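Listed below are the residues making up each chain.
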Amino acid sequence: MNRFYVVLAVLAVVLGVAVFALLKTGGGAPAAAAGPPPAVVDDGFRGYTLGSSDARVEITEYSDFECPFCANFATVQMPTIRDQLIQTGKVQWRYRDYPLPVHKYSRFAAHAAQCAGEQGKFWDMHDQLFYHHQWAQTGKDPNSLFQQFAHDAGLDVNKYNACMESGRYAARIEFSRQEGENKLVDGTPTFFINGKKFDGPRATSDVFKQIADSIIAHSPPKPHVSAGHEHEEKDHFVH
Amino acid sequence: MTALRQRQTIAVLALVGFFVALYLWLHALGVGGPLKCGTGACETVQTSPWAVFLGFPVAFYGVVGYGALFVVAIVAMRPAALGRRGWSSMLFAMASLGLLFTLYLTYAELFLIHAICRWCVTSATIITVIWVLTFLALRTDRAASPPRQDPQA
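Criteria and thresholds
- Residues numbered from 1 in each chain as written.
- Chains lettered and ligands numbered in written order.
- Predicted model: local features only at pLDDT ≥ 70, side-chain atom pairs only at ≥ 80, totals over all residues.
- Helix = DSSP H or I, 4+ residues; strand = E, 2+ residues; numbered from the N terminus.
- Buried ≥ 20, exposed ≤ 12 C-beta atoms within 10 Å, placed from the backbone.
- Contact = placed C-beta atoms within 7 Å.
- Core = buried A, V, L, I, M, F, W, Y, C linked by C-beta atoms within 7 Å.
- Arc of directions from axis to C-beta.
- Pairing = 2+ DSSP bridges.
- Axes fitted to C-alpha atoms, helices over the stretch in contact; angles between N-to-C directions.
- Parallel < 35°, antiparallel > 145°, perpendicular 65-115°, else oblique.
- Left-handed = near helix turned anticlockwise from the far one by under 90°.
- Nonpolar A, V, L, I, M, F, W, Y, C, P; charged D, E, K, R; others polar.
- Expected span 1.5 Å × (residues − 1).
- pLDDT = per-residue confidence, 0-100.

*Asks:* Which parts of the structure should I look at to understand the overall build of chain B?
*Replies:* Along the backbone of chain B there are six helices and two strands. The buried share of chain B, reckoned over its 153 residues, is 44%. The contacts in chain B between residues at least 6 apart in sequence include a share of 78% that link residues at least 24 apart.

*Asks:* Where do I start with the nonpolar core in this structure?
*Replies:* Side chains of nonpolar character tend, in soluble globular proteins, to be buried together. Counting residues in each nonpolar core, the largest one holds 93 residues, and the members touching the most others are Ala112 and Ala116 of chain A together with Ala14, Leu69, Ala73, Leu91 and Ile130 of chain B. Top element by residues in this core is helix α1 (residues 3–28) of chain B. It accounts for 12 residues. The residues contacting alanine 116 of chain A, other than those within four sequence positions of it, are Lys121, Phe122, Asp124, Met125, Ala150, Ala153, Leu155 and Tyr160 of chain A.

*Asks:* What's the story with helix α6 (residues 143–152) of chain A in this structure? I'm lost.
*Replies:* In an α-helix, one turn spans 3.6 residues, which is why side chains three or four residues apart end up on the same side. All names here are of chain A. Phe146, Phe149 and Ala150 are the residues of α6 that are buried. The buried residues of α6 all sit within an arc of 100 degrees when viewed along its axis, so they share a single face. Looking at the packing, one finds that the buried side of α6 touches α3 (106–118), α4 (122–131) and α7 (157–166). Just downstream of α6 lies glycine 154, where phi reads positive at about 90 degrees.

*Asks:* Just checking my understanding: could you explain the pairing of strand β4 (residues 190–193) of chain A for this structure?
*Replies:* Put simply, side chains in a regular strand alternate between the two faces of the sheet. All names here are of chain A. Summarising the sheet, strand β2 (residues 57–63) and β4 pair through four bridges and their orientation is antiparallel. If you follow threonine 60 over to β4, its bridge partner there is phenylalanine 192. Pairing of β4 with strand β5 (residues 196–197), which is carried by two bridges, proceeds in the antiparallel orientation. Note that in β5 the partner of isoleucine 193 across the bridge is lysine 196. What sits between β4 and β5 in their antiparallel hairpin is a turn of two residues, with asparagine 194 showing a positive phi close to 45 degrees.

*Asks:* Looking at this structure, how should I read the packing of α3 of chain A against helix α8 (residues 170–182) of chain A?
*Replies:* When two helices pack together, their arrangement is given by the angle between their axes and by how far apart the axes lie. Residue and element names in this part refer to chain A. The N-to-C vectors of α3 and α8 enclose an angle of 115 degrees; their axes lie 10 Å apart at closest approach. One way to sum up the angle between α3 and α8 is to call them roughly perpendicular. In this structure, α3 crosses over α8, and the sense of that crossing is right-handed. Where α3 approaches α8, its residues Arg107, Ala110, His111 and Gln114 are matched on the opposing element by Ala170, Arg172 and Ile173. Residues that form the contact of α3 with α8 fall into these classes: three nonpolar, two polar and two charged.

*Asks:* Where do I start with α8 of chain A in this structure?
*Replies:* All names here are of chain A. The terminal C-alpha atoms of α8 lie 18 Å apart, and with 13 residues this matches the ideal 18 Å at 1.5 Å per residue to within 8%. Three or more residues of α8 are buried, namely Ala170, Arg172, Ile173, Glu174, Phe175, Ser176, Arg177 and Gly180. Check the buried side of α8 and you find it contacts β2, β3 (91–97) and α3.

*Asks:* I keep staring at the environment of phenylalanine 73 of chain A and nothing clicks. Help me out?
*Replies:* Residue and element names in this part refer to chain A. Structurally, phenylalanine 73 is set in helix α2 (residues 68–86). The class for phenylalanine 73 is buried, based on 21 C-beta atoms found within 10 Å. Expressed as a C-alpha distance, the spacing of phenylalanine 73 and alanine 203, which sit 130 residues apart in the sequence, is 8.0 Å. Discounting chain neighbours no more than four positions away, the residues touching phenylalanine 73 are Met78, Pro189 and Ala203.

*Asks:* Just checking my understanding: could you explain the pairing of β3 of chain A for this structure?
*Replies:* All names here are of chain A. Of all seven residues in β3, six are buried; the element is thus mostly enclosed. In terms of strand pairing, strand β1 (residues 48–50) meets β3 through three bridges, oriented antiparallel. Bridging from a neighbouring strand, threonine 49 pairs with arginine 94 of β3. Where β2 and β3 come together, seven bridges link them in parallel fashion. The residue bridging threonine 60 from the neighbouring strand is arginine 94, located in β3.

*Asks:* For this particular structure, what's the right way to read the confidence of the model for chain A?
*Replies:* Where the model shows low pLDDT, its predicted coordinates should not be examined in detail. All names here are of chain A. Across chain A, the average pLDDT comes to 85, with 86% of residues at 70 or higher. Across chain A, β3 holds the top mean pLDDT of 97, while strand β6 (residues 236–237) sits lowest at 42. In this model residues 26–30 is a low-confidence stretch, pLDDT under 50, and it forms 12 contacts with partners more than four residues away in sequence or in other chains. Residue range residues 225–239 is modelled with pLDDT below 50. Its contacts to residues more than four positions away, or to other chains, number 21 contacts.

*Asks:* Before we go on, may I ask you to explain the environment of alanine 116 of chain A in this structure?
*Replies:* Considering the arrangement of structural elements, one finds alanine 116 of chain A in helix α3. C-alpha separation for the pair alanine 116 of chain A and cysteine 163 of chain A, spaced 47 residues apart in sequence, amounts to 9.0 Å.

*Asks:* Looking at this structure, how should I read unusual backbone geometry?
*Replies:* A negative phi holds for most residues other than glycine; trans holds for most peptide bonds. Residues and elements named next belong to chain A. Across the junction of threonine 188 and proline 189, the peptide omega takes the value -5 degrees, indicating a cis bond. With respect to the secondary-structure elements, proline 189 resides in the loop between α8 and β4. Of note in the backbone geometry, asparagine 194 takes a positive phi value of approximately 45 degrees without being a glycine. Tracing the backbone shows asparagine 194 in the loop between β4 and β5.

*Asks:* So what exactly am I meant to see when it comes to the environment of tyrosine 131 of chain A here?
*Replies:* Tracing the backbone shows tyrosine 131 of chain A in helix α4. Once the C-alpha coordinates of tyrosine 131 of chain A and alanine 71 of chain A are considered, the two residues, 60 residues apart in sequence, prove to be 7.1 Å apart.

*Asks:* Is there a simple way to explain the confidence of the model for chain B in this structure?
*Replies:* Mean pLDDT over chain B works out to 85, with 85% of the residues at or above the 70 mark. As scored by the predictor, the complex reaches a pTM of 0.54 and an ipTM of 0.82.

*Asks:* Just to check I follow, could you spell out the packing of helix α1 (residues 2–24) of chain A against α1 of chain B for this structure?
*Replies:* Two elements in contact, α1 of chain A and α1 of chain B, have axes whose closest approach is 10 Å; the angle formed by their N-to-C orientations is 15 degrees. Judged by the inter-axis angle, α1 of chain A sits roughly parallel to α1 of chain B. Note on packing geometry: the crossing formed by α1 of chain A with α1 of chain B is right-handed. Judged by residue contacts, Phe4, Leu8, Leu11, Ala12, Leu15, Gly16, Val19, Leu22 and Leu23 of chain A of α1 of chain A engage Gln8, Ala11, Val12, Leu15, Val16, Phe19, Leu22, Tyr23 and Leu26 of chain B from α1 of chain B. Classifying every residue of the contact of α1 of chain A with α1 of chain B by side-chain character gives 16 nonpolar, two polar and no charged.

Okay, structure coming up:
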């Protein structure tokens, strides 16, 4: 009996050390942009949008650049959504950051996209990050790869690097995450259609098209507030 | 296999399961780097909507469940508890709950997420073996217990 408890204790120590070793390996964060900020500040930013602000349907996506489901959605469903719903004026799409704590470089990637947004290239960087998603599978420091993405997206890389080193959008990303948390976002991607959480089993372009068509068929057109805001462009800063 | 040996085996397996679940839970809390999995499938499973159940990472339930199984198995190893059928029933009930939860998660992996996490397979194997052991222990106890006497006889 006593021998069994000794074996059990040794096993517990070995397993504990193994778990510690598994968690320990991984390396440090690449920059100030990689971690949560010391303070959260609401700078009035409410996400980059695609499509007309006159659209009767607004879909807000809470997403994580390192999340494989989000990458799948961005590369498989999003092209059809852009063609059939956004470019036709039916839907305005809003992207909100929801970096999951399980992902080491989510905040860093979100910051890279924000720095690209500063140069009017948020959606280009969004596509770079999702279409070349192998970076999320390796666990390696993606800093140099993201610089390449920035270059390929047409950014001024020096300005991009300065932005990343400053970590100036870390608070904005955390604000977005907390906003999602308050809305009971429990995974990524999570969608809100005209403010209501989408609870369907599969978020596909077909499902969103059906919902958007149904909303449009049952609602009057939005009144025009001012002519100057009829068509929001991509990378629009929303207050 | 004697009742003592069965409960010792359950305790060892529950301990291993506890540490597997602990690793996944700590990872879900953001401790450490990427999951060591060999492929990206673990990350796919761990970041899916099915990785959270009632507001907690599913691995948290594994930590609690395996921890409870371990404690009960250890307590049930006492000489006074070895002959008691109640301990076998309790272990069987706990293992059945764990197995049902595992079946739900395995279904989600195979048919909803379309990805398999090696750590989840490890845990599923452990809880299945534990369930078989508790089931066998329950049957052994039932066969060993004296037949119920008619109170009017």
